[in-house]
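Report on the structure
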Amino acid sequence: MQAQLGLTTRVTIGSDADLAWARHQVRQASAALGFSLVQQTKLVTAASELARNTLVHGGGGHMEMTALDDGQARGLRLSCIDEGPGIRDIDMAMTDGYTTGGGLGLGLSGAKRLVQEFSLDSRPGQGTKVTITEWISALPTPRSGVV
């Protein structure tokens, strides 16, 4: 994928093959934008967790990827959107160890820890939208006058 700033790409999430394709697209976009390998891995891991939740708990949906540039930094915003049953208790769902699928219970809370920005909007019976954003980390600037 060629990451074009401001362009939003939509990736369908309806099968396990779509999950693999979504991970591939996030890896390609983050590499094209210049993310470090560590940042790429964190972003792909978070996206994978959210896309899997979209498929398993939301009955499928889609992921929107948008390459960003705020004039000082470049980033990547990902939104996983479904029209499933929604999350009844968001606080509980964000608690480490809570699971409805028999997993480790680190999906949402783990994804949140892996990225710089995280938002979750869910209404019972109306679906869920989870948005994450990661900005390219620059190396710290050396402080002047420090010996």
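Refer to the structure above for everything that follows.
All values derive from a computational prediction rather than experimental measurement.

What follows covers the nonpolar core. Among soluble globular proteins, nonpolar side chains are generally buried collectively. Judged by nonpolar contacts, the single largest core of 28 residues is most densely connected at Val26, Met63, Leu76 and Leu78. Those elements that provide at least two residues to this core are strand 1 (8-13), helix 1 (16-33), helix 2 (37-56), strand 2 (61-69), strand 3 (74-82), helix 4 (107-114) and strand 5 (127-135). Examining the composition of this core, we find that seven residues originate from one element, helix 2, more than from any other. Setting aside chain neighbours within four positions, we find Leu76 in contact with Val26, Ala29, Ser30, Leu33, Phe35, Leu43, Thr66, Ala67, Leu68, Ile132, Thr133 and Glu134.

This next bit is on the packing of helix 1 against helix 2. The axes of two packed helices give the description: the angle between them and the distance between them. The interhelical angle for the contact between helix 1 and helix 2, taken along N-to-C directions, is 150°, at an axis separation of 9 Å. Classified by the angle between their axes, helix 1 and helix 2 sit roughly antiparallel to one another. Crossing of helix 1 over helix 2 shows right-handed handedness. Counting all contacts with helix 1, which are made through Asp16, Leu19, Arg23, Val26, Arg27, Ser30 and Ala31, the residues of helix 2 involved are Leu37, Gln40, Thr41, Leu43, Val44, Ala47, Ser48, Ala51, Arg52 and Leu55. The class makeup of the residues in the contact of helix 1 with helix 2 is nine nonpolar, four polar and four charged.

All right, on to the sheet that holds strand 3 then. The five strands are arranged 1-2-3-5-4 in an open sheet whose pairing can be described as antiparallel. Looking along the sheet, the strands with just one partner apiece sit at the ends: strand 1 and strand 4 (117-123). Taking the axes of each pair of neighbouring strands and ignoring which way they run, one obtains an average angle of 15° across the sheet. Relative to strand 5, strand 4 runs antiparallel, the two being bridged by seven bridges. What sits directly across from Glu117, in strand 5, is Thr133. Contacting strand 1, strand 2 and strand 3, helix 1 runs over the sheet at an angle of about 165° to strand 3.

Criteria and cut-off values
- Residues numbered from 1 in each chain as written.
- Predicted model: local features only at pLDDT ≥ 70, side-chain atom pairs only at ≥ 80, totals over all residues.
- Heavy atoms only, no water.
- Core = buried A, V, L, I, M, F, W, Y, C linked by side-chain atoms within 4.5 Å.
- Buried < 20%, exposed > 50% of the residue type's maximum accessible area, 1.4 Å probe, protein only.
- Helix = DSSP H or I, 4+ residues; strand = E, 2+ residues; numbered from the N terminus.
- Contact = heavy atoms within 4.5 Å.
- Axes fitted to C-alpha atoms, helices over the stretch in contact; angles between N-to-C directions.
- Parallel < 35°, antiparallel > 145°, perpendicular 65-115°, else oblique.
- Left-handed = near helix turned anticlockwise from the far one by under 90°.
- Nonpolar A, V, L, I, M, F, W, Y, C, P; charged D, E, K, R; others polar.
- Pairing = 2+ DSSP bridges.

Fair warning: the whole summary comes from geometry, so function is off the table for now.
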